[in-house]
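# Observations on chain architecture
Spelled out, the chains give:
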Amino acid sequence: MEPERVPVEAEHHIVTARQRARTMAAELGFGVVDQTQIAAAVSELTRNIVLYAEAGEVLLSVVEQSPGRVRALQIVVRDRGPGIQDTDLAMRDGWSSSEGLGLGLPGTQRLMDFFELNSKAGVGTTITVRKTIP
Ligand SMILES: Nc1ncnc2c1ncn2[C@@H]1O[C@H](COP(=O)(O)OP(=O)(O)OP(=O)(O)O)[C@@H](O)[C@H]1O
Ligand SMILES: [Mg+2]
């Protein structure tokens, strides 16, 4: 399956990305609780793009995870913004470089089954999250 791409260039794209993720989750058979968690994760990650990187994109796809080839909804959220200097610090509950609560990244990790943060100062940020399809 070709990934579905949602550009994130303005605040209203947060809503678009969140809705697309929720719809895809529903189509894949996720329950309402999972749909809400997936939508919240996409919302937090795309809000970070708008706040810290200005522009980026969301890629939604279904992937096969290696052990037992279990299928998952995979969401890649990436930008070519300033990147994150200290990723361990950024993942800490309550740490924010702005006026935020500092819960977006660690909260997203808790909502999803898989979370991977790749960021390089001056290059950009790519976050990959997955939730196993029931
Ligand atoms: N895409 C990004 N590009 C650059 N820096 C980022 C990006 N996403 C997060 N960060 C950095 O990581 C920090 C932690 O992000 P996180 O989403 O956890 O908290 P927050 O955005 O500060 O607050 P909250 O999400 O709770 O409103 C941010 O304050 C910011 O410095
Ligand atoms: Mg945030």
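Refer to the structure above for everything that follows.
The model shown is predicted, which means the values in this text are computed figures rather than measured ones.

On to the sheet that holds strand β2 (residues 56-65), then. If you trace the 5 strands from one edge of the open sheet to the other, you get β1-β2-β3-β5-β4, paired in antiparallel fashion. A strand with exactly one partner marks an edge of an open sheet, and here the two such strands are β1 (4-8) and β4 (114-120). Neighbour to neighbour, the strand axes of the sheet diverge by 20° on average, direction disregarded. In this structure, β1 lies alongside β2, joined through 5 bridges in antiparallel fashion. Within β2, the residue paired with E4 across the bridge is L60. Contacting β1, β2, β3 (70-79) and β5 (124-132), helix α2 (residues 32-53) runs over the sheet at an angle of about 15° to β3.

Moving on, we get to the site of ligand 1. If you check the shell around ligand 1, you find 21 residues, and the closest are N48, S96, S97, G100 and G104. Contributions of two or more residues to the shell around ligand 1 are made by α2 and α4 (104-111). When residues of the shell around ligand 1 are assigned to their parent elements, the largest contribution, 5 residues, is made by α2.

Turning our eyes to something else, we now look at the packing of helix α1 (residues 12-27) against α2. Interaxial distance between α1 and α2 falls to 8 Å at its minimum, and their mutual angle equals 155°. Between α1 and α2, the interaxial angle falls into the category roughly antiparallel. Handedness of the crossing formed by α1 with α2: right-handed. Between α1 and α2, the residues in contact are H13, I14, A17, R18, A21, R22, A25 and A26 and D34, Q35, I38, A39, V42, S43, T46, R47 and V50, respectively. A per-class count over the contact of α1 with α2 returns 9 nonpolar, 4 polar and 4 charged.

This part is about α1. Over its 16 residues, α1 extends 23 Å from the first C-alpha to the last, a length consistent with the 22 Å expected when each residue adds 1.5 Å. Among all positions in α1, only I14, A17, R18, A21, R22 and A25 are buried. One side of α1 holds all its buried residues, which, seen down the axis, span an arc of 130°. Away from its buried face by more than 90 degrees, α1 exposes H12, V15 and E27. Contacts made by the buried residues of α1 are with β1, α2, β2 and β3.

Scoring rules and cut-offs
- Residues numbered from 1 in each chain as written.
- Chains lettered and ligands numbered in written order.
- Predicted model: local features only at pLDDT ≥ 70, side-chain atom pairs only at ≥ 80, totals over all residues.
- Pairing = 2+ DSSP bridges.
- Helix = DSSP H or I, 4+ residues; strand = E, 2+ residues; numbered from the N terminus.
- Axes fitted to C-alpha atoms, helices over the stretch in contact; angles between N-to-C directions.
- Contact = placed C-beta atoms within 7 Å.
- Near = placed C-beta within 6 Å.
- Parallel < 35°, antiparallel > 145°, perpendicular 65-115°, else oblique.
- Left-handed = near helix turned anticlockwise from the far one by under 90°.
- Nonpolar A, V, L, I, M, F, W, Y, C, P; charged D, E, K, R; others polar.
- Expected span 1.5 Å × (residues − 1).
- Buried ≥ 20, exposed ≤ 12 C-beta atoms within 10 Å, placed from the backbone.
- Arc of directions from axis to C-beta.

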